[in-house]
Amino acid sequence: MEAAPSATLRSMMNTKDLGSELPGRHFVLGLTGGVAAYKAAEFCRLLVNAGATVQVVMTGAACRFITPLTMQALSGRPVYVSQWDDRPANNMAHINFSREADAVIVAPASADFIAQLAQGQAGELLALLCLARPLAQVPLLVAPAMNREMWAHPATQRNLRQIAADGAHLLPVAHGGQACGETGDGRMLEAEELLEELIAFMAPKPLLGQQVVVTAGPTYEAIDPVRGITNLSSGKMGFAIARAAREAGACVTLVAGPVHLSTPRGVRRIDVDSALNMHAATIDAVQGASIFIATAAVADWRPVRAAQHKIKKEDGAGSAPQLALAENPDILAGIAHSPRAQAGDLYCVGFAAESENLQANAQAKRARKGVPLLVANIGPATFGRDDNALLLVDDEGVTELPRASKRVLARQLVAEIARRVSGGEA
Ligand code: C5P
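Below or above, wherever it landed, is the structure these notes cover. (Residues numbered from 1 in each chain as written. Predicted model: local features only at pLDDT ≥ 70, side-chain atom pairs only at ≥ 80, totals over all residues. Heavy atoms only, no water.)

**Looking at the overall build of the chain**
The helix and strand inventory of the chain stands at 15 helices and 19 strands. For the chain, the spread of C-alpha atoms along the three principal axes comes to 85 × 50 × 40 Å. When burial is assessed residue by residue, the chain has 48% of its 426 residues classed as buried. Nonlocal contacts in the chain, meaning residues at least 24 apart in sequence, comprise 68% of its contacts between residues at least 6 apart. Summing over all exposed atoms, the chain offers an accessible surface of approximately 20,000 Å²; the carbon and sulfur share of this is 52%. Averaging the coordinates of the 39 positive side-chain charges in the chain and doing the same for the 41 negative ones gives two points 1 Å apart. (Helix = DSSP H or I, 4+ residues; strand = E, 2+ residues; numbered from the N terminus. Buried < 20%, exposed > 50% of the residue type's maximum accessible area, 1.4 Å probe, protein only. Contact = heavy atoms within 4.5 Å. Areas by Shrake-Rupley, 256 points an atom, 1.4 Å probe, with all protein chains shown as cover. Lys, Arg positive; Asp, Glu negative; His and termini not counted. Charge placed at Lys NZ, Arg CZ, Asp CG, Glu CD.)

Quick look at the structure:
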């Protein structure tokens, strides 16, 4: 029978509020004339759900695509279009809005509006407030949206270079079908992608310049073409860590076993299946990396030989096939004992899923793997869930990260790693 969990374990198993991504942040969301304006409505809703407040400002052209009424209902604030609007007591919406905001985001940004920005024009409230914003304090993010020919035109590309040189942060465009029926570059990012870009932009950057490799998910060891040995692992924690490391400014490679998760934006993903594949891909990826975080649930054994065809079930008792198994390489231990890791050039972090005696088991595993930091969690309380609780074990002792969403925990863990890698300066 399993021992009852300790008090620490019990407290870590309580579910807390999952929290939001942009609490207390205030943004000006600018809409200009483009079909993609409909995506700005959903983006506004996501911003509000993420805990932000949003002041919407629209150009006259934007109002031809979507109504201020819609944006007012979604933001919960009156929408402004004209610089002559006399609702603000001082009649200076362009000054008030650009001083209150943590950032101004123009989505969609039309070719025409980008040209206005490039020239420093201020004929409408939105362009005026972009020009009037305090450059050093209030960043401007621009999400272009236009037809592929307009996007590729040298004038547009010249204007984009100019506004980037003037301090705007350009969000990428997507490739695909366009409202005009053509296919190419120039589609605005989807609302969720805009949110992910904004969250990453606003996040502190303690891992700037670092190269991080993360393994995530299970491995799959084929027995025959239809059967295999695998582990319980959704990959959610590892994916959240990859995302958090990218938000923190790192260049991230994610070596992923078979999981059904979308790749965090800005992360390089290498898909693998077996432990041997994960081993080879990870050894390759950590060349030149500065941080390695092993969250994958790697199968300990693999069939010595996978059958070429499906193994047939024979009738009668005692017909189960005898599988010869070989031990898989320990990816983490191998890399942690490599010369670069031993020299302190590659900081290695291991994970451990335990069901009891979290701390003692974690300490033992840390020594066995030879890693400076071991992160323990309770297996049954994390598998497949969106929340988790972590116990960090290292030279300093034990640090508890209480139950929270995996995204929140991943950010906390990345901050802890950054502090250790930078010697406490992060
Ligand atoms: O030994 P155990 O599987 O409990 O160790 C867990 C830690 O070691 C995790 O960080 C896991 O990603 C890593 N590991 C590995 N290669 C293996 C087995 C585990 O990298 N073959």
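Picking up where we left off.
**Structural notes on the pairing of strand β8 (residues 211–216)**
Note on strand geometry: in a regular strand, side chains alternate between the two faces of the sheet. Across the six residues that make up β8, a large majority, five, are buried. Two elements, β8 and strand β11 (residues 251–256), share six bridges in a ladder whose sense is parallel. Along β11, the bridge assignment pairs Ala216 with Ala256. As judged from the four bridges shared by β8 and strand β13 (residues 291–294), these two strands associate in the parallel manner. Across the sheet, the residue bridging to Thr215 is Ala294, located in β13. (Pairing = 2+ DSSP bridges.)

**What to know about the packing of aromatic side chains**
The way to describe two aromatic rings as a pair is by their centre distance and the angle between their planes. In the structure shown here, the tally under the stated rule is one aromatic pair. Seen from their ring centres, Tyr80 and Phe97 are 5.0 Å apart, and the 85° between their planes marks the pair as edge-to-face. Here Tyr80 is found in the loop between α3 (68–75) and α4 (93–100), whereas its partner Phe97 is found in helix α4, with 17 residues between them in sequence. Taken individually, Tyr80 and Phe97 each receive the classification buried, so the pair is uniform in this respect. Across the ring face of Tyr80, the terminal group of Arg87 is positioned such that the distance to the ring centre comes to 4.1 Å. (Phe/Tyr/Trp six-rings, centres within 6.5 Å; stacked < 30°, edge-to-face > 60°. Lys NZ or Arg CZ within 6 Å of the ring centre and 35° of its normal.)

**Observations regarding the pattern of salt bridges**
Under the criterion given, the structure shown has 27 salt bridges. In this structure, Arg243 and Glu21 form a salt bridge, with 3.7 Å as the shortest nitrogen-oxygen distance. With Arg243 in helix α10 (residues 236–247) and Glu21 in the loop between α1 (7–13) and β1 (26–31), the pair connects residues that are 222 residues apart, well separated along the chain. Classification of Arg243 as buried rests on a relative accessible area of 8%. Salt-bridge contacts for Lys365 lead to Glu354; the nearest nitrogen and oxygen are separated by 3.7 Å. Here the residue Lys365 occupies a position in helix α14 (residues 358–369), and Glu354 occupies one in strand β16 (residues 347–354), the gap between them amounting to 11 residues. Here Glu354 falls in the buried class, since its relative accessible area comes to 12%. One connected set of salt bridges, linked through shared partners, spans Glu21, Glu196, Arg243, Glu247, Arg407 and Arg411. (Salt bridge = Lys/Arg side-chain N within 4 Å of Asp/Glu carboxyl O.)

**A closer look at the sheet that holds β16**
Hydrogen bonds along the backbone pair up the strands of a sheet, which may run parallel or antiparallel. Spatially, β12-β11-β8-β13-β16-β17-β18-β19 is the arrangement adopted by the eight strands of the open sheet, whose pairing is mixed. Lying at the two open borders of the sheet, with one neighbouring strand each, are β12 (268–271) and β19 (397–405). Going across the sheet, the axis of each strand differs from the next one's by a mean of 20°, ignoring polarity. The pairing of strand β17 (residues 373–378) with strand β18 (residues 387–394) spans three bridges and is antiparallel. Within β18, the residue paired with Leu374 across the bridge is Val393. (Axes fitted to C-alpha atoms, helices over the stretch in contact; angles between N-to-C directions.)

**As for the site of the ligand**
The immediate surroundings of the ligand are formed by Ala294, Thr295, Ala296, Val298, Pro329, Asp330, Ile331, Leu332, Gly350, Phe351, Lys365 and Lys369. Ile331 places a main-chain nitrogen or oxygen 3.0 Å from a nitrogen atom of the ligand. A distance of 3.0 Å separates an oxygen atom of the ligand from a polar atom in the side chain of Lys369. Of all the secondary-structure elements, those providing two or more residues to the shell around the ligand are α12 (331–336), β16 and α14. For the shell around the ligand, the per-class residue count stands at seven nonpolar, two polar and three charged. (Near = heavy atom within 4 Å. Polar contact = N/O pair within 3.5 Å; in protein donor to acceptor, adjacent residues only side chain to side chain. Nonpolar A, V, L, I, M, F, W, Y, C, P; charged D, E, K, R; others polar.)

**Observations concerning the sheet that holds strand β3 (residues 103–109)**
Spatially, five strands are ordered β2-β1-β3-β4-β5 in an open sheet, and the strand pairing comes out parallel. Edge strands, defined here as strands with exactly one partner in the open sheet, are β2 (53–58) and β5 (169–170). Here strand β4 (residues 140–144) runs beside β5; their pairing, made up of two bridges, is parallel. The partner of Leu141 across the bridge, within β5, is His169. Lying over the sheet, helix α5 (residues 111–119) contacts β3 and β4, oriented at roughly 145° with respect to β4.

**Digging into the side chain of Arg133**
Tracing the backbone through its elements, the reader meets Arg133 in the loop between α6 (125–132) and β4. Asp166 provides the closest opposite charge to the buried, unpaired Arg133, separated from it by 8.5 Å. At 3.1 Å, the side chain of Arg133 and the backbone oxygen of Cys130 are in polar contact. Setting aside its immediate chain neighbours within four residues, Arg133 contacts Ser98, Arg99, Val104, Val138, Pro139, Leu140 and Gly167.

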